[in-house]
Structure formats: structure tokens, C-alpha cells
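Remarks on the overall topology
Okay, here's what each chain looks like letter by letter:
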Amino acid sequence: RCNADSTYSTSSVNSSHISPSQNTHRQRVPTRLFTDDLQGQKCSPVLGQDARMSERREMFLEKLYERQGKKLKLSKSPEPRRLVDPAASSDASVGDAAVGEGGSSDASGGSADASVGAAAAVEGGSSGGGHWACQTCTLKNALSAAACTMCETPKSFSSSRLNVVTWNIAECIASAAAPPSWTPVMGFEEQLLAAFREPGRNVSTQASEAIKAAILSHDPDVICLQESPGKAWASTAFDGAGYRVIGATRSHIGTVVLLLKAHLLRLVDAVNVTGPSVAVQLTLPGAPAITIASSHLAPSKYNAPARFGELTTLVNQIPTANFVLCGDMNMRGAEDKPAEGLGGGLTDAWKASGSSKETQFTWNSCVNIYHPRKKPKKDEKEFKGFTARFDRIYTHGPAVHVENFALVGSQPIGDRESHYLSDHFGIVCELRVE
């Protein structure tokens, strides 16, 4: 059960404190556990797996190993733990943090499993004995298999690299410059007002599909969304492509969502929701634990102190030495130095990649007419737009290295020069973790 004093602690939950009436508003899901944080409270990580699913997994593995003439050697599965919502919510999809089947019971256990996996991969090699060793579960697969038969990890997956996409997708509302077929019946400004009151109400089907396609074209391992129409939308949009929502929470507008490729779920050590941020802790095979966060900090130039406070709180609650912060930070240039001084020093991924002018701005209302422009009143100057670097990726720790940095959605759609998928451009960043 969540409480304001809980942190990343992996202490177990006493199920005797949970009354049946507290669990009637949500159906039991055997392979995924949930916790809500609608008031910005810190939540304990939800760890472990369903006992029945664990038994089925062991039986399945046993059969596979018998076919290969090997003996099954599995550590005893941890007892399942349960965490119940602190209060019923009318929107159960918001504020959820979920860990898929196979999350380890603590960070040290994840590291141990990762070490075993790395050793097995090195011993077996990618083609030793006519097989390739999965870098996630260490199962040896036939060379002809494109993905692991146990955990569906792609054969080409490299445990030392992570491809991350972060994007404020403006609740998939069609741009003011979009063709009429993209725009709902109500006007653009009415859509924005409705989005504040009821997130996800005015999703444009065409914008939604185009945003999904743009993200998937980069084959990310981690997807960080801000101003998502909701957790349910993200789940529906990306489940079919092999991604799972690992956590979500409301921000000042829309929903912050964090998704992982399904084969990475078994590497999850913990999930935490802190204010307008969702963070997941992973232990990749042969690498130290790393935390990745999706954030949507306070807006407007007058809220610099609030943003710094939100960022400071997030950094202070991350338990790993290596981490990556992604999202719409709403930061201005004057905030660079204070932010980069947090946690003993944050590295700006754009600067680390060479500070290219082509990828500098994630907001450019000079060319992106996403928001309609009003005619200037008498004695007013015409608004011509501005550029800003609102969206950021920060890294921390000796094990995280920026390999590549590019933008997503920075090109106009179709033959309309001012039509873009969102008022923000997204970021795609390739990271090396070792």
C-alpha cells in the first residue's frame, strides 16, 4: 500500500492489511501489478511475479531444456507481492506504474542474473554449437530463429546499447495547419480547452497513427511520452508493436508515459513515480543498473524555480549511479548551468553529441504553425514565432555514453509546409551502457 514516506525500498507488502473492499474496483491481472500516485506521492516499487505464472514458466523451460539434453537449473522464484491502490480513482489508467512478469525482487538480484546472462552469452557465443545465446534470458536458440523462443528478445538485440525516444505529442491533437480531414468538429482552441478537462477526448486518428509510425521508425528500446492522451491510448497504440506501458502519471496537461520493449520487462528492478516523472530501474546483462525517467516539468518562463525543484527531487530519489532523464523540461537557456550541476554533474546529450545547430531546437514556431496565429491588434507587432530547446535528455554516471542524437517529427507532413505532428519536436538518442 502506497504512503508518502515510501521510497525505492523493496520491503514486502503485508497482504493482511488489505481488505477485500479495497480491491474491488480493479480486476486482478496475473502478470502485471499496479500502484497509483495521483497526488505526487512517492511509491514503493512493485516487484515480483504471480506464483502460477512462475510455475508455468519453469515447466515451459524444463521442456525446452529436456529437448536440448540439458538439466534445468533455476533459482527459487520469489513470493508474489501485492500492492493495492491507496484510493479508488475514476481514471484507473492514470498514475499507474506496472512491472511485467519476470521483474527481479531487488537490484542486487537483477545484477546477479545479468552477470549470469553475460557469462552464458560469452561462453556460448553467438553461434557456438549451431546456436545463439539470448542476452536477456541466456537460452540457446537455433541459428535460424529471429527471436528468442522463451522471451522474444530479437537476435540482433545488443545489451550494451539503448535507443531512447522522448516526445511531447500534444495529446495527438491535429495541428491548426493540418488538412480539414485531420481536425475534429470543434475548433483548435476548443480542443485544447477540452484536453485540459478530459485528456484523450480529441485524439485525431490520422495524427495518432502518424506519430506512432514516426516513433516506431527509429525502433526504440524505450519510449518516453509527454502530453500523451492517456495510459490506455499508449497501451493500445504500442502493444501490437511489442511495447508495454511500464508506468504513467498525470502532469499539468496530459499524461506522462514510459514504455519498454516487451523483452526488457524481465530486466526491470523497480518503478517509481515522483511528481510529473516516471522512472524505471533496469539491469542490462553485463552492465550496472541504470534508471531511465520520463518527465514533464512545470511550464512558462516564470516557473524556473518550480522546474529546478522538480528536477532536484527526481535526481535525489534515483538510487543508481547511472541514469538518463528524458522529457519536456520546459527549460530556458539560463537554466542550463543550475540543472547541469545537479547530482554531481549532469551531461546534456545534445551538447555531448556535438551541439549541432540542426538538432538544437525542439520548438520552432517560426515554421511550425501548430498553434493558430491571431491577427495582431492595432499597434501590436505581428507574432513571427520563436525557437527554444524545451526538450532535453540528461545522462549521469560513468557507464552511460551518448552515441547519437537526432530529432523526431521535425519535418512537415505532406505538401503543407507548416503542418507538423506536434508543437514539439521529439528526440531520438542512442546510448551505450557498459
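Here we come to the overall build of the protein chain. The helix and strand tally for the protein chain stands at 8 helices and 16 strands. When burial is assessed residue by residue, the protein chain has 49% of its 434 residues classed as buried. Sequence separation of at least 24 residues holds for 69% of the intrachain contacts in the protein chain that already meet a minimum separation of 6. Working note: accessible area of the protein chain is about 19900 Å², and carbon and sulfur atoms make up 51% of it.

The biggest cluster of nonpolar side chains holds 36 residues, and the ones touching the most others in it are Ile246, Leu258, Leu260, Val280, Ile292 and Val324. Those residues in contact with Leu260 that lie beyond four places of it in its chain are Asp221, Val222, Gly242, Tyr243, Arg244, Ile246, Leu265, Val268, Val280 and Leu282. Core analysis: the next-biggest nonpolar cluster, separate from the first, contains 25 residues, Ile169, Ala234, Val245 and Val408 among them.

Another aspect to go through is the sheet that holds strand S8 (residues 277-283). As summarised here, the arrangement of the 6 strands in space is S7-S8-S9-S10-S14-S11, forming an open sheet in which the pairing is mixed. The open sheet has two free edges, formed respectively by strand S7 (268-274) and strand S11 (347-348), since each of these has just one partner strand. Here S11 runs beside strand S14 (residues 391-396); their pairing, made up of 2 bridges, is antiparallel. Bridged to Asp348 within S14 is Tyr394.

In terms of burial, S7 is largely enclosed, as 7 of its 7 residues are buried. The hairpin turn running from S7 into S8, its antiparallel successor, is 2 residues long, and Gly275 in that turn takes a positive phi close to 55°.

In this section: helix H4 (residues 205-216). Every α-helix carries 3.6 residues per turn, so stepping three or four residues along brings you back to the same face. In a regular helix each residue adds 1.5 Å, so 12 residues correspond to 16 Å; H4 covers 17 Å between its end C-alpha atoms and thus fits that length. Within H4, the full set of buried residues consists of Ala207, Ser208, Ile211, Ala214 and Ile215. Projected down its long axis, H4 carries its buried residues within an arc of 135°, all on one side. Of the surrounding elements, those touching the buried residues of H4 are strand S3 (161-168), strand S4 (222-228), helix H5 (231-238) and strand S15 (400-408).

So, about the pairing of strand S5 (residues 243-250). Walk down a regular strand and you will see the side chains alternate between the two sheet faces. Taking burial as the measure, the 8 residues of S5 include 6 buried ones, the bulk of the element. In the sheet, S5 pairs with strand S6 (residues 255-261) via 7 bridges, with the strands oriented antiparallel. Counted as the bridge partner of Val245 is Leu259 from S6. Hairpin remark: S5 followed by S6, antiparallel, with 4 residues in the connecting loop; positive phi at Gly254, about 75°.

Bringing the confidence of the model for the protein chain into the picture now. Chain-level pLDDT for the protein chain is 75 on average; 64% of the residues reach the 70-or-more range. Segment residues 1-52: pLDDT under 50, and 134 contacts once partners within four positions in sequence are set aside and those in other chains are kept. Here residues 70-128 is modelled with pLDDT under 50, and outside its nearest four sequence neighbours on either side it reaches 143 contacts, counting other chains as well.

Before going further, it helps to spend a moment on the environment of Glu430. Summarising the element assignment, Glu430 is placed in strand S16 (residues 426-433). For Glu430, a relative accessible area of 27% gives the class partly exposed. Placed 269 residues apart in sequence, Glu430 and Arg161 show a C-alpha to C-alpha distance of 7.1 Å. Aside from chain neighbours lying at most four places away, what touches Glu430 is Arg161, Leu162, Asn163, His401, Val402, Glu403 and Asn404.

This brings us to the sheet that holds S6. Here 6 strands make up an open sheet; going across it, the order is S5-S6-S4-S3-S16-S15 and the pairing mixed. For this open sheet the edge positions go to S5 and S15, each flanked by a neighbour on one side alone. On average, adjacent strands in this sheet sit at an angle of 15° to one another, irrespective of strand direction. Alignment of S15 against S16, held across 8 bridges, turns out to be antiparallel. Residue pairing for S16: Leu407 is matched across the bridge by Ile427. Running at roughly 155° to S3, H4 makes contact with S3, S4, S5 and S15 of the sheet.

What counts, and where the lines are drawn
- Residues numbered from 1 in each chain as written.
- Predicted model: local features only at pLDDT ≥ 70, side-chain atom pairs only at ≥ 80, totals over all residues.
- Heavy atoms only, no water.
- Helix = DSSP H or I, 4+ residues; strand = E, 2+ residues; numbered from the N terminus.
- Buried < 20%, exposed > 50% of the residue type's maximum accessible area, 1.4 Å probe, protein only.
- Contact = heavy atoms within 4.5 Å.
- Areas by Shrake-Rupley, 256 points an atom, 1.4 Å probe, with all protein chains shown as cover.
- Core = buried A, V, L, I, M, F, W, Y, C linked by side-chain atoms within 4.5 Å.
- Pairing = 2+ DSSP bridges.
- Expected span 1.5 Å × (residues − 1).
- Arc of directions from axis to C-beta.
- pLDDT = per-residue confidence, 0-100.
- Axes fitted to C-alpha atoms, helices over the stretch in contact; angles between N-to-C directions.

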